[in-house]
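# Fold and contact review
Okay, here's what each chain looks like letter by letter:
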Amino acid sequence: MNLYTGPVFEMARAQFAGVADRLDIPDGERDRLLLPKRAICVAVPVHLDDGRTQVFQGFRVQHHLTLGPTKGGTRFAPDLELGEVAALAIWMSWKCALAGLPYGGAKGGVACDPRVLSLREIEAVSRRYMQEMIPFVGPQVDVMAPDMGTSEREMAWFMDTYSMHQGHACAEIVTGKPVALGGTEGRREATGHGVAYLVGRACDTLGLVAGSCSAIVQGFGNVGSVAAYTLARRQGMRIVGVSDHTCALHDPRGLPMDEIEAHVRDHGVLMGFSTEALIDPAAMLEQRCDVLVPAAVERVITAENAGRLRCRILAEGANGPTTPEADAVLEARGDMFVLPDILCNSGGVIVSYFEWVQDLQRLFWSAAEVGDRLERLLEQAFGQVTRRAAADKVSQRTAALTIGIERVRAGKRLRGLFP
Ligand code: NAD
């Protein structure tokens, strides 16, 4: 029986197969590298505010345990499925290996829509989900973090639930917590800052002056909003398009980011900011810009629209925004500098790793120290990917995946096969 199905898992499988073919990996070893070590599915029953009981489905997939504990985010989304969670766990493995972190990949979440749940109901879902996962996670086994639909708030509830069970405060069970609970400086902004840093490096490589460039950002949550603000404020870029699940805004002269920030702070969404700047969300992706940052959901750049993108740099803040078919179109075009997801959004897991290390040592770093170390690791990974792509004459995605897969493979070979 094939447990892992759906288009997102097929993407992860196809990407892996492409690299495995290039590296000539034998079949038995392929299964060992690709198939997740564990997949946990739980029922998460919760009392709703209206007195009814609803049972949500919860998942956690731990891809491999070869190099250390597994590490990965927790997604609260209505249509979450096991195959999608497994794909995201697999991508986390290649991402951690590429960044040189001592982790395997994991991912988890609950199939629920946090937008229609009350605060109390979200807390109940969070706490019951963590309670169900306690037998399967731990600071040396599997360390959770936020992802779409979750944030510091949910991580605080996860940490509290786990700690109540242990009988003592256990900060190192999750990352992305509030700083007051043992979180690290810079984690909330880490993924968006990392995206902006790598976009800057891509501009350097192409000889573009960042301050004269324009950018479009799809998704305005943790990753997208921080990436947009950082590109605008640190690098002086003109942000000509932004979108979230409610609407898309476009203005070739540049959008007023300070006013947008105030609007989102007050209303939570982009809708209502402007009627003149509204644009069809799909059309926004195809507008002319120097930098396009998909930072929302998977599979938004497809074979259908890839030929119409008009950017110089594609910076994948989201996981899996580009389908393998679209990738083939982009490779054939050859006019785009692609920062593949496992490199581009790795700032989040890198600073999560810093948080875990600080929690284990009970020794905390300054924001400047976190930022410096983040840029050093991103720089290293960026250099490795661009050099490997040039040397092997492959796309930067293939280069990034190859480095990640090779490192996991080397770890498995050195440890051998038990018993
Ligand atoms: P989030 O929940 O904070 O924000 C998601 C944003 O996407 C929201 O603004 C939402 O309105 C928007 N959105 C949803 N569907 C959309 C659509 N169809 N079109 C346009 N916008 C849409 O989530 P996040 O943490 O910012 O994660 C975004 C992506 O980045 C995900 O793919 C996630 O896996 C990836 N990622 C996140 C982190 C992290 O540290 N949070 C790290 C690495 C990768």
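The next subject is the overall build of the protein chain. From N to C terminus, the protein chain includes 14 helices and 12 strands. By the compact-globule yardstick of 22 Å for 419 residues, the protein chain fits well, its C-alpha radius of gyration being 21 Å. Taken along its principal axes, the extent of the C-alpha atoms in the protein chain is 55 × 55 × 45 Å. For the protein chain, with 419 residues in total, the buried portion stands at 59%. Summarising the internal contacts of the protein chain: among those between residues at least 6 apart in sequence, 69% fall at separations of at least 24. Accessible surface computed for the protein chain: about 17000 Å², of which carbon and sulfur atoms make up 53%.

Two numbers describe how helix α1 (residues 7-23) lies on helix α14 (residues 396-415): the axes approach to 10 Å, and their chain directions differ by 75°. It follows from the interaxial angle that α1 and α14 lie roughly perpendicular. On α14, the residues that touch Gln15, Phe16, Val19, Arg22 and Leu23 of α1 are Arg397, Thr398, Leu401, Thr402, Ile405, Glu406 and Arg409. Classifying every residue of the contact of α1 with α14 gives five nonpolar, three polar and four charged.

We now examine the packing of aromatic side chains. Overall, the coordinates contain 10 aromatic pairs when judged by the stated rule. Both rings, one in Phe337 and one in Phe382, keep their centres 6.2 Å apart while their planes meet at 25°; by these two values the pair is stacked. With Phe337 in strand β12 (residues 337-339) and Phe382 in helix α13 (residues 367-392), the pair connects residues that are 45 residues apart, well separated along the chain. Relative accessible area serves as the criterion here: at 9%, Phe337 is assigned to the buried category. Where Tyr353 meets Phe354, the ring centres are 6.1 Å apart and the plane angle is 45°; that geometry is what we call tilted. Among the aromatic residues, ring-to-ring pairing joins Tyr103, Tyr353, Phe354, Trp356 and Trp365 into one connected group.

Moving on to the packing of α1 against helix α2 (residues 27-34). Look at α1 against α2: their axes get within 11 Å of each other, and the N-to-C directions meet at 140°. The angle between α1 and α2 falls in the class oblique. Remark: the crossing between α1 and α2 carries right-handed chirality. Residue-level inspection shows Ala12, Arg13, Phe16, Ala17, Ala20 and Asp21 of α1 in contact with α2, the latter providing Arg30, Leu33 and Leu34. Grouping the constituent residues of the contact of α1 with α2 by class yields six nonpolar, no polar and three charged.

Attention now goes to the environment of Gly334. You can see Gly334 is positioned in the loop between α10 (324-333) and β12. When the C-alpha atoms of Gly334 and Ser395 are compared, they prove to be 9.1 Å apart, with 61 residues separating the residues in sequence.

Before going further, it helps to spend a moment on the nonpolar core. Core analysis: the biggest nonpolar cluster contains 95 residues, and Val242, Met257 and Leu339 have the highest contact counts within it. Examining the composition of this core, we find that 14 residues originate from one element, helix α3 (residues 82-99), more than from any other. Not counting the four nearest positions on each side in its chain, Val242 is found in contact with Val217, Phe220, Cys247, Ala248, Leu249, Leu255, Met257, Ile260, Leu270 and Met284. The next biggest cluster of nonpolar side chains, apart from the first, holds 26 residues, and it includes Val110, Met144, Ile173 and Val174.

Reading guide: rules and limits
Residues numbered from 1 in each chain as written. Predicted model: local features only at pLDDT ≥ 70, side-chain atom pairs only at ≥ 80, totals over all residues. Heavy atoms only, no water. Helix = DSSP H or I, 4+ residues; strand = E, 2+ residues; numbered from the N terminus. Rg over C-alpha atoms; globule rule 2.2 N^0.38 Å. Buried < 20%, exposed > 50% of the residue type's maximum accessible area, 1.4 Å probe, protein only. Contact = heavy atoms within 4.5 Å. Areas by Shrake-Rupley, 256 points an atom, 1.4 Å probe, with all protein chains shown as cover. Axes fitted to C-alpha atoms, helices over the stretch in contact; angles between N-to-C directions. Parallel < 35°, antiparallel > 145°, perpendicular 65-115°, else oblique. Nonpolar A, V, L, I, M, F, W, Y, C, P; charged D, E, K, R; others polar. Phe/Tyr/Trp six-rings, centres within 6.5 Å; stacked < 30°, edge-to-face > 60°. Left-handed = near helix turned anticlockwise from the far one by under 90°. Core = buried A, V, L, I, M, F, W, Y, C linked by side-chain atoms within 4.5 Å.

Honestly, that's just the spatial picture; any functional story needs more than this.
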